[in-house]
Amino acid sequence: MTAPSRFAVVGSPVAHSLSPVLHAAAYRTLGIEDATYERYDVPAGELEAFVQGGAGRELDGLSVTMPGKPEAFALAAETDETSRDLGVSNTLIRRPDGTWRAENHDVHGIVAALGDHGVAPAGSGTAGPVRGAVIGSGSTALSAVAALVALGTGTIVLTARSPEKLAPLEALAARAGTPVELVAWEDNNAALTAEVVVSALAVGGAETVAADWRRREPLAVPQVFLDVLYDPWPAPLAALVAERGGTVADGLEMLAHQADMQVRSMLAVTAAPVTEMLAAARGELARRASGPGTPG
């Protein structure tokens, strides 16, 4: 009898990750009974040791969240094109020889989430967004730049509290031949003049920026605003944009779409049930919001 396939999400902190909910929903809907999906807290610098020994040695694939995405890319024997472009990966698949293949599905998740709200890539009957914007820096912001490039965005506006951290984002856009417009952090509300805006800020930073924006009325309203946050929801910036009539996508949509691609790679299926996965994750968030309990 073939042993069940074992998968997990790793990162730190990871206790409240919704990846187990998303993947479990996919298994149920697809009728897959010989796969399990767990979670392990793996701090920065410890991913390679984790996959080489202990529980990690028994896993067939991993979803990798922060801070392990650069480490996932570095330890892999094989990588996909997106991982090579960005130098970070959110998925590890064990190869037959025991080494790892690293993949990056965050970019797909952002493109697909924006697509659900009417943002079509260039060449699909549209010219793509004229201007896009990314607020923040780090791995998710880097993926957001790659997503805007993939959509055929004409110019990408970048702004971050620490502007020196924007160098990798600028370099990625430059390699693609996409012009970049840098906006000083004290003027970050100018990012809202873009058609499509992605906020990659953590909740603390988003709260500070939202308070500042409310003092800067009137504000521009982008066509679509994707906030990578999803718990609690609405996130501070998403709430502000929605109040002004803007279309808002949340990070849970992005997460469900990238989980779709992970399920395809991990289980060799042609598609995952994104609608059912997203419904399960929203249900879990509602359960958590209703009172204390064990994270799903």
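Everything numeric in this text was worked out from a predicted model, so none of it was measured. (Residues numbered from 1 in each chain as written. Predicted model: local features only at pLDDT ≥ 70, side-chain atom pairs only at ≥ 80, totals over all residues. Heavy atoms only, no water.)

## Considerations on the nonpolar core
Inclusion rule: Residues grouped as a nonpolar core are buried Ala, Val, Leu, Ile, Met, Phe, Trp, Tyr and Cys residues, joined through side-chain atoms within 4.5 Å. Exposure categories follow from relative accessible area, calculated using a 1.4 Å probe and restricted to protein chains: below 20% of the type maximum is buried, above 50% is exposed, and the middle band is partly exposed. Starting at the N terminus, helices and strands are each numbered in turn, a helix being any DSSP run of H or I of at least four residues and a strand any DSSP run of E of at least two. Residues count as neighbours in contact if any of their non-hydrogen atoms are within 4.5 Å of one another.
Residues Leu86, Ile110, Leu114, Val134, Val145, Leu158 and Leu169 are the most contacted members of the largest nonpolar core, which totals 31 residues. Going through the elements one at a time, helix H5 (106-115), helix H6 (139-150), strand S8 (155-159), helix H7 (167-176), strand S10 (196-199) and strand S11 (224-227) are the ones with two or more residues in this core. The dominant element in this core, judged by the number of residues it contributes, is H6, at seven residues. Leaving out residues up to four positions away in the same chain, Val134 has contacts with Ala141, Ala144, Val145, Leu148, Ile156, Val157, Leu158, Thr159, Leu169 and Val198.

## Details of the environment of Gly246
With respect to the helices, strands and loops of the structure, Gly246 is situated in the loop between helix H9 (236-243) and strand S12 (247-250). A relative accessible area of 14% places Gly246 in the buried class. As for Gly246 and Thr155, which are separated by 91 residues in sequence, their C-alpha atoms are 21 Å apart. If sequence neighbours within four positions are ignored, Gly246 has contacts with Val221, Pro222 and Val241.

## A few points about the environment of Gly118
Its place among the elements puts Gly118 in the loop between H5 and strand S7 (131-135). Linking Gly118 and Ala174, residues 56 residues apart in sequence, is a C-alpha distance of 26 Å.

## Some remarks on the packing of aromatic side chains
Cut-off, in case you're wondering: Aromatic rings from Phe, Tyr and Trp, taking only the six-membered ring of Trp, are treated as a pair when their centres fall within 6.5 Å; an angle between ring planes under 30 degrees marks them as stacked, one over 60 as edge-to-face, and anything in between as tilted.
Counted by the stated rule, this structure contains one aromatic pair. Each ring, one from Tyr40 and one from Phe50, has its centre 5.3 Å from the other, and the planes form 50 degrees; the classification is tilted. Placement of the pair is Tyr40 in strand S2 (residues 35-41) and Phe50 in helix H2 (residues 47-52), with a sequence separation of 10 residues. Grouping residues by exposure puts Tyr40 and Phe50 together as buried.

## Examining helix H1 (residues 19-30)
Which entries qualify depends on this criterion: Working rule for helices: expected span equals 1.5 Å times residues minus one.
Along its 12 residues, H1 runs 16 Å from first to last C-alpha, staying within 8% of the 16 Å computed at 1.5 Å per residue. Along H1, the residues that are buried comprise Ser19, Pro20, Val21, Leu22, His23, Ala25, Ala26 and Tyr27. Downstream of H1 by a residue or two, Gly31 has a phi angle that is positive, lying close to 75 degrees.

## Some points on the pattern of salt bridges
Here is the rule: For salt bridges, the criterion is a side-chain nitrogen of Lys or Arg within 4 Å of an Asp or Glu carboxyl oxygen.
Evaluation of the coordinates by the stated rule reveals 18 salt bridges. For Arg95, the salt bridge is made with Asp97, and the minimal N-O distance between the two is 3.4 Å. Of the charged contacts in the structure, one is a salt bridge between Glu284 and Arg287, with a shortest N-O distance of 2.8 Å. With Glu284 and Arg287 both in helix H11 (residues 274-290) and three residues apart, this pair spans about one turn of that helix. Residue classification places Glu284 among the buried residues on the basis of a relative accessible area of 10%.

## Structural notes on the sheet that holds S7
Put simply, the test is: Here, strands pair whenever DSSP counts at least two bridges between them. For helices, the fitted axis covers only the stretch in contact; all axes are lines through C-alpha atoms, and the angles between them, taken along N-to-C directions, range from 0 to 180 degrees.
Spatially, the six strands line up as an open sheet ordered S9-S8-S7-S10-S11-S12, and their pairing is parallel. Every interior strand has two partners, whereas the edge strands, strand S9 (180-182) and S12, have only one. With strand direction ignored, the average angle separating the axes of adjacent strands in the sheet is 20 degrees. Here S8 runs beside S9; their pairing, made up of three bridges, is parallel. Among the inter-strand pairings, Ile156 is bridged to a residue of S9, identified as Val180. Of the strands in this sheet, S7, S8 and S9 touch H7, which is tilted by about 155 degrees from S9. Relative to the sheet, H9 contacts S10, S11 and S12, its axis offset from that of S11 by approximately 160 degrees.

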